[in-house]
Amino acid sequence: MGDARERVRPASRPASPGWDPEDAAEIVRLRARKLELAEVLVCHPYSTEFAPGDVPAARAALKHHRERQSASTAS
């Protein structure tokens, strides 16, 4: 077969030089914030009001709560 490093087809452009230190730090900061927000969402007391199988649907309903609220006040 040949060397595992051989490409099936040649790269269409050269490899990126990567992120500068500021970009890398920002990515680390954003990933940490994403984990914080995920923890807040998963561990929020609202989730304890539902059976485990119903929690995803309850979270999805929250996404559209404001839309429904403004539609009901507009009528």
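Here the structure is a predicted model, which means the values were calculated and not measured.

Student: I'm lost on the overall build of the chain in this one. Help?
Tutor: The number of helices and strands found in the chain is 3 helices and 0 strands. If you list the helices and strands of the chain from N to C, you get α-α-α. When each of the 75 residues of the chain is scored for burial, the buried share is 4%. Accessible area of the chain: about 7,300 Å², with a carbon and sulfur share of 59%.

Student: In this structure, what is going on with the pattern of salt bridges? I would like to understand it.
Tutor: Opposite charge on two side chains permits pairing when their charged atoms draw close. Inspection of every chain in the model, using the stated rule, returns 2 salt bridges. Measuring nitrogen to oxygen at the nearest pair gives 2.7 Å for the salt bridge that ties Glu26 to Arg29. A residue pair is termed a helical-turn pair when its members lie 3 or 4 positions apart in one helix, as Glu26 and Arg29 do in helix H1 (residues 21-43) at 3 residues. Among the residues examined, Arg29 registers a relative accessible area of 45% and is labelled partly exposed.

Rules used in this analysis
- Residues numbered from 1 in each chain as written.
- Predicted model: local features only at pLDDT ≥ 70, side-chain atom pairs only at ≥ 80, totals over all residues.
- Heavy atoms only, no water.
- Helix = DSSP H or I, 4+ residues; strand = E, 2+ residues; numbered from the N terminus.
- Buried < 20%, exposed > 50% of the residue type's maximum accessible area, 1.4 Å probe, protein only.
- Areas by Shrake-Rupley, 256 points an atom, 1.4 Å probe, with all protein chains shown as cover.
- Salt bridge = Lys/Arg side-chain N within 4 Å of Asp/Glu carboxyl O.

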